[in-house]
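Remarks on the overall topology
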Amino acid sequence: MMNWIESTKEKMLSLKLPTDPRWVNIAEMNIEDILVDHAYCEQKAASSCISMIVLFNEFEKLVDELTPVVAEEWGHFERVLEQLKKRGFKLGKARKDEYVIRLKDFVKKGGNRIQQVTELLMMNALIEARSCERFKLLSKNIQDEELKAFYYELMVSEAGHYVNFLELARYYGEPEKVEKRWKEWLQYEAEVIKGLEIRGDRMH
Ligand SMILES: [Fe+2]
Ligand SMILES: [Fe+2]
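Reference entry: report on the structure contained in this document. Only a predicted model underlies this, so the values are computations on that prediction, with no experimental measurement involved. (Residues numbered from 1 in each chain as written. Chains lettered and ligands numbered in written order. Predicted model: local features only at pLDDT ≥ 70, side-chain atom pairs only at ≥ 80, totals over all residues.)

What follows covers the overall build of the protein. The helix and strand tally for the protein stands at 8 helices and 0 strands. Overall, the protein shows an N-to-C arrangement of helices and strands of α-α-α-α-α-α-α-α. Here the protein has a C-alpha radius of gyration of 17 Å; the compact-globule value for 204 residues is 17 Å, and the two agree. Based on the C-alpha atoms only, the size of the protein along its principal axes is roughly 50 × 40 × 30 Å. Buried residues in the protein amount to 32% of all 204 residues. Of the contacts made within the protein by residues no fewer than 6 positions apart, 78% connect residues no fewer than 24 positions apart. (Helix = DSSP H or I, 4+ residues; strand = E, 2+ residues; numbered from the N terminus. Rg over C-alpha atoms; globule rule 2.2 N^0.38 Å. Buried ≥ 20, exposed ≤ 12 C-beta atoms within 10 Å, placed from the backbone. Contact = placed C-beta atoms within 7 Å.)

Okay, structure coming up:
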């Protein structure tokens, strides 16, 4: 039997396209920009969970499961802020998030409440999966020991969120429909990644 972390890593492999290996080296050279962008990724993760809770308040299991995730994401924000300060960097302005903008374009408009909620859950699952993959690259490849440990810890946490979102989609949606749509999402996400330039000032 695989333990939880191993089985989660196994599921992570569902991403269709691995990050270009050059990214992590560029990211390491631009760690201030990466930390700033990362802080806002955590803020957006918390905000997005809050929005889902407000928008889909009738889905009780979703409300119960996403409420603690808001606190975790905000905790991550706080800790990234701490890492910035420690290095004498400032939070600075939020950057345009091309990756998330493109994923949002793929969300099907309309449909019933179940279709709407499963779309957003799958989109969020993908963002978690990709973040997890990037955190893993950082934890494995950068020199800074403190950040290595930090990114390892966050990798595990985001993998848990990935599972939360995907399991909620499977809980609310019809299994065959969710599986079919999830494959489309994975394919689309790979195309988005392929189309984005590799830059050292973005987490995605
Ligand atoms: Fe997070
Ligand atoms: Fe997360």
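Moving on from the model shown.
Now for helix α6 (residues 113–141). Structural remark: α-helix, 3.6 residues per turn; residues separated by three or four positions point the same way. Spanning 29 residues, α6 covers 42 Å between terminal C-alpha atoms, matching the ideal 42 Å at 1.5 Å per step. Of all 29 residues that make up α6, 21 are buried, and the element is covered over most of its length. (Expected span 1.5 Å × (residues − 1).)

Judged by nonpolar contacts, the single largest core of 46 residues is most densely connected at Leu121, Met122, Ala125, Leu126, Tyr162, Phe165 and Ala169. Contributing elements (two or more residues each) for this core: α2 (22–29), α3 (31–55), α4 (60–86), α5 (98–105), α6, α7 (145–172) and α8 (175–195). Per-element tally for this core: the top contributor is α6, with 13 residues. With residues near it in sequence (within four places) discarded, Tyr162 still touches Ala125, Glu128, Ala129 and Cys132. (Core = buried A, V, L, I, M, F, W, Y, C linked by C-beta atoms within 7 Å.)

Turning to the packing of α6 against α7, a few remarks are in order. Their axes nearest at 8 Å, the elements α6 and α7 cross at an angle of 160 degrees. Taken as axis vectors, α6 and α7 run roughly antiparallel relative to one another. In this structure, α6 crosses over α7, and the sense of that crossing is left-handed. Residue composition of the contact of α6 with α7, grouped by class: 21 nonpolar, 5 polar and 4 charged. (Axes fitted to C-alpha atoms, helices over the stretch in contact; angles between N-to-C directions. Parallel < 35°, antiparallel > 145°, perpendicular 65-115°, else oblique. Left-handed = near helix turned anticlockwise from the far one by under 90°. Nonpolar A, V, L, I, M, F, W, Y, C, P; charged D, E, K, R; others polar.)

Tracing the backbone shows Glu72 in helix α4. Judged by the 18 C-beta atoms lying within 10 Å of it, Glu72 is partly exposed. The spacing of Glu72 and Asp105 is 33 residues in sequence and 27 Å in space, taken between C-alpha atoms.

Right, let's talk about the environment of Glu184 for a bit. Along the polypeptide, Glu184 turns up in helix α8. It is 36 Å that separates the C-alpha atoms of Glu184 and Gly92, two residues lying 92 residues apart in sequence.

The geometry of α3 relative to α4 is characterised by a closest axis approach of 8 Å and an angle of 160 degrees between their N-to-C directions. Relative to α4, α3 is oriented roughly antiparallel. Helix-helix and strand crossings are classified by hand; for α3 and α4 the assignment is left-handed.

Turning our eyes to something else, we now look at α3. Here α3 contains 25 residues, and its C-alpha end-to-end distance of 35 Å stays within 8% of the 36 Å for a straight helix at 1.5 Å per residue. Of the surrounding elements, those touching the buried residues of α3 are α2, α4 and α6.

Functional significance is not addressed by these values, which are geometric in nature.
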